[in-house]
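Geometric and topological summary
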Amino acid sequence: MPSTPPTTDVIQVLLVEDHPMFRERLATIISKRGDMVVCGEADNARDAIELVERLQPNIAIVDITLRGSNGLDFLKDLKARGIELPVLVLSMHDEAIYAERVLRAGARGYITKYEASSEVMAAIEQVLKGEVYLSRQMTSRMLGRFSTGTKKAEPGDVSSLTDRELDVFQRIGRGETARDIAGELHVGVTTVDTYRARIKEKLGLKSGTELHRRAMEWTQENPA
C-alpha cells in the first residue's frame, strides 16, 4: 500500500479503510487541500498500527469495519501502546450505536459517510484543532443523557452490548459460525459461546434461532 515519508510543512493523513474505491475518493478530496497529503493507507488494524509507528501521521481517518478486524480494535491498540494520535472515525454505521463507543476508545470524532465532503473536511479540521467532532443530533443526545443522568440502555437494546459483544452479534448476522468468529477474533469457540449467551440474555432472546434471526435483521438494517 502506498506510503509517503512525512514532511514538516504538510499535514500527514493516514487512511484506514477497507474499501479501495472509498479510500481513493477520500484521498482525492484531501489532496485538493494544499496543506494536506495522504501519507499512507491500510485496510486492517495491524497494518494501520505499523504505519502509525513508522510514518507518525498528524491524523488518522478510520472506518469501523476493517478487513479481519474493526476500528475499535485499532483505537484500543493505539491506547494500549501509549500512542497519542487524533483519530476521526468515518463510517456508514449508525452514529447512535457507535459514536459514544469510539469516543470512549479514544477517537476525537465520528462522522458518517453520508455527509458532504465539505463537512468531512470540517470534521478533520476540528479534530486537528484538538476539539471533538459529533453531529448536532448526537451532541444533543449525549448532552441530554448527561443532564438527566441517563446512562444505561433499555433492556433488549443493541446499544446495551459491549464492543466485543456487538462485534460478535454483527458477525452472527453476517452468517459466520462460532468457529469462524473464533478464528477471526483469535479466541476459543467456548469464548464465542460465552459471548453468544451474554448477548441472548441482554437482548431477551431465548434460543440460538432467535439470536440468529435478530442478528440477521439488525445487520440488514445496519449494513457495513
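Please read all numbers here as calculations on a predicted model, not as lab measurements.

Per-residue pLDDT for the chain has a mean of 87; in total, 89% of the residues score no lower than 70. Ranking the elements of the chain by mean pLDDT puts helix H6 (residues 136-148) last, at 68, and strand S3 (residues 59-62) first, at 97.

Before going further, it helps to spend a moment on helix H5 (residues 117-128). Helix length check: H5, at 12 residues, gives a terminal C-alpha distance of 17 Å against a target of 16 Å (1.5 Å per residue), a fit within 8%. Among the residues of H5, those classed as buried are Val120, Met121, Ala123, Ile124 and Val127. In a view along the axis of H5, the buried residues occupy a sector of 155°, so they form one face of it. Taken together, the buried residues of H5 touch helix H1 (20-31), strand S2 (36-42), S3, strand S6 (87-91) and strand S7 (109-112). Once H5 ends, the next one or two residues include glycine 130, with phi positive near 90°.

Let's shift gears to the pairing of strand S1 (residues 11-16). Counting buried residues in S1 gives five out of six residues, a clear majority hidden from the surface. Pairing analysis gives six bridges linking S1 to S2, with the strands arranged parallel. Counterpart to valine 13 in the pairing with S2 is valine 38. Considered for its hand, the β-α-β crossover made up of S1, H1 and S2 is right-handed. Where S1 lies against S3, four bridges are found, and the strand directions are parallel.

Here five strands make up an open sheet; going across it, the order is S2-S1-S3-S6-S7 and the pairing parallel. Looking at the sheet topology across the chains shown, the edges are occupied by S2 and S7. Across this sheet, the average inter-strand angle for adjacent strands is 25°, counted without regard to direction. Taken strand by strand, helix H4 (residues 95-105) contacts S6 and S7, and its axis lies near 155° from that of S7.

Attention now goes to the nonpolar core. Core analysis: the biggest nonpolar cluster contains 48 residues, and Phe74, Val87, Val89, Val102, Tyr110, Leu166 and Phe169 have the highest contact counts within it. Residues in contact with phenylalanine 74, not counting those within four places in the same chain, are Ala45, Ala48, Ile49, Val52, Val62 and Val87. The next biggest cluster of nonpolar side chains, apart from the first, holds 20 residues, and it includes Leu26, Ala27, Leu88 and Ile124.

Let's shift gears to the packing of aromatic side chains. Counting across every chain of the model gives one aromatic pair. With 5.8 Å between their ring centres and 55° between their planes, phenylalanine 169 and tryptophan 218 make a pair best called tilted. Of this pair, phenylalanine 169 sits in helix H7 (residues 163-173) while tryptophan 218 is found in helix H10 (residues 208-221), placing the two residues 49 residues apart along the sequence. Here tryptophan 218 falls in the buried class, since its relative accessible area comes to 9%. Taking the ring centre of phenylalanine 22 as reference, the NZ or CZ of lysine 113 above it sits at 4.3 Å.

Rules of the game
- The numbers attached to residues start from 1 for each chain and follow its sequence in the written order.
- Given that this is a predicted model, residues contribute local features only at a pLDDT of at least 70 and side-chain atom pairs are listed and counted only at 80 or more, while totals for whole chains, interfaces and linings are drawn from all residues.
- By convention in this description, side-chain values take in all heavy atoms of the structure and omit both hydrogens and water.
- The score called pLDDT rates the predictor's confidence residue by residue, from a low of 0 to a high of 100.
- Strands here are runs of E lasting at least two residues and helices are runs of H or I lasting at least four, both read from the DSSP assignment and numbered beginning at the N terminus.
- In this analysis, the expected span of each helix is defined as 1.5 Å times one less than the number of residues it contains.
- For the exposure calls, accessible area comes from a 1.4 Å probe over protein chains only, and a residue counts as buried if that area is under 20% of its type's maximum, exposed if over 50%, partly exposed in between.
- Directions are taken from the helix axis to each C-beta atom, and the arc is the one they span.
- In this description, contact between two residues means that some pair of their heavy atoms is separated by no more than 4.5 Å.
- Should DSSP find at least two bridges between two strands, the strands are regarded as paired.
- With the strands pointing away from the viewer, any crossover whose connection runs clockwise from the first strand over the helix to the second is right-handed.
- All axes here are fitted lines through C-alpha atoms, helices being fitted over the stretch that makes contact, and every angle between N-to-C directions spans 0 to 180 degrees.
- Nine residue types can take part in a nonpolar core, namely buried Ala, Val, Leu, Ile, Met, Phe, Trp, Tyr and Cys, and a core is a set of them joined through side-chain atoms within 4.5 Å.
- Ring pairs are drawn from Phe, Tyr and Trp, using the six-membered ring of Trp, whenever the two centres fall within 6.5 Å, and their geometry is named by plane angle: stacked under 30 degrees, edge-to-face over 60, tilted for the rest.
- When the NZ atom of lysine or the CZ atom of arginine is within 6 Å of a ring's centre and also within 35 degrees of its normal, the charge is said to sit over that ring.

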